[in-house]
Amino acid sequence: QQQVKQSPQSLIVQKGGIPIINCAYENTAFDYFPWYQQFPGKGPALLIAIRPDVSEKKEGRFTISFNKSAKQFSLHIMDSQPGDSATYFCAASEDQFYFGTGTSLTVIP
Amino acid sequence: KAGVTQTPRYLIKTRGQQVTLSCSPISGHRSVSWYQQTPGQGLQFLFEYFSETQRNKGNFPGRFSGRQFSNSRSEMNVSTLELGDSALYLCASSPTQNYGYTFGSGTRLTVV
């Protein structure tokens, strides 16, 4: 059973666009929600993370929106660049991390 | 500050053999976790160690095992390799539980 459901599986946007990746979870005990970015041949790198006591967190061009009542959270990438082309994973954690299935993002110049 | 180091980077083994992968966490990180990454299954949790104790274990057969040493370095072992074990094996460390992981670049295992 997939603890964290991520969508879409792939996404193509033009440079400057705002790709949005969504994740949903069921376990209300989850209390830490990170996003990871992975380039080919590399391990995932922590991008940004949020705890359920806040509804939004921004770090540079990356924003997490968190909706506790809907049990959903999303990643927004402002002013996307070709260098943002990568696979993005959401995750949720209580005492163990559960990862989404990943979203392959392509930013077209 | 050195990152998470995994060795070897690439490995080719034959069915039925066994393999040991190594992970050196970031200095000061006491939690080490292992993941298997495949195109079809995504990131699958193998196990987590903290202060030499296995704290959590994923849904993998007993052929997959691991351990952590007193200096927090960790190894995972896969015995009786199967073709389906071909994957990228990722190690991640964190200072404590339920805190952002730092992943290594992984070991690419190919079973032929």
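Our structure's up above, just so we're on the same page.
What counts as what
- Residues numbered from 1 in each chain as written.
- Chains lettered and ligands numbered in written order.
- Predicted model: local features only at pLDDT ≥ 70, side-chain atom pairs only at ≥ 80, totals over all residues.
- Heavy atoms only, no water.
- Core = buried A, V, L, I, M, F, W, Y, C linked by side-chain atoms within 4.5 Å.
- Buried < 20%, exposed > 50% of the residue type's maximum accessible area, 1.4 Å probe, protein only.
- Helix = DSSP H or I, 4+ residues; strand = E, 2+ residues; numbered from the N terminus.
- Contact = heavy atoms within 4.5 Å.
- Salt bridge = Lys/Arg side-chain N within 4 Å of Asp/Glu carboxyl O.
- Pairing = 2+ DSSP bridges.
- Axes fitted to C-alpha atoms, helices over the stretch in contact; angles between N-to-C directions.

Caption draft 1: Local environment of the nonpolar core. Residues and elements named next belong to chain A. One finds Phe33, Trp35, Phe73, Leu75, Tyr88 and Leu105 to be the most contacted residues of the largest nonpolar core, which totals 24 residues. For this core, the elements supplying multiple residues, two or more each, are strand 2 (10-14), strand 3 (20-25), strand 4 (33-38), strand 5 (45-50), strand 7 (62-67), strand 8 (72-77), strand 9 (86-93) and strand 11 (103-108). Residue contributions to this core peak at 4 residues, all from strand 9. Not counting chain neighbours up to four residues away, the residues in contact with leucine 75 comprise Pro19, Ile20, Ile21, Trp35, Leu47, Ile48, Phe62, Thr63 and Tyr88.

Caption draft 2: Spotlight on the pattern of salt bridges. All names here are of chain B. Throughout the structure, instances matching the rule amount to 8 salt bridges over all chains. The closest approach of N and O atoms between arginine 67 and glutamate 75, which form a salt bridge, is 3.3 Å. Arginine 67 gets classed as partly exposed once you look at its relative accessible area, which sits at 46%. The class for glutamate 75 is buried, based on a relative accessible area of 17%. One network of salt bridges, in which partners are shared, links Arg63, Glu82 and Asp85.

Caption draft 3: Inspection of the sheet that holds strand 7 (residues 64-68) of chain B at higher detail. All names here are of chain B. Ordered in space as 1-3-8-7, the 4 strands form an open sheet in which the pairing is antiparallel. Looking at strand neighbours, the two that pair on one side only are strand 1 (5-7) and strand 7, the edges of this open sheet. When the angles between neighbouring strand axes are averaged without regard to direction, this sheet yields 15°. As defined by bridge partners, strand 1 adjoins strand 3 (residues 19-24) across 3 bridges and the pair is classed as antiparallel. Across the sheet, the residue bridging to threonine 7 is serine 22, located in strand 3.

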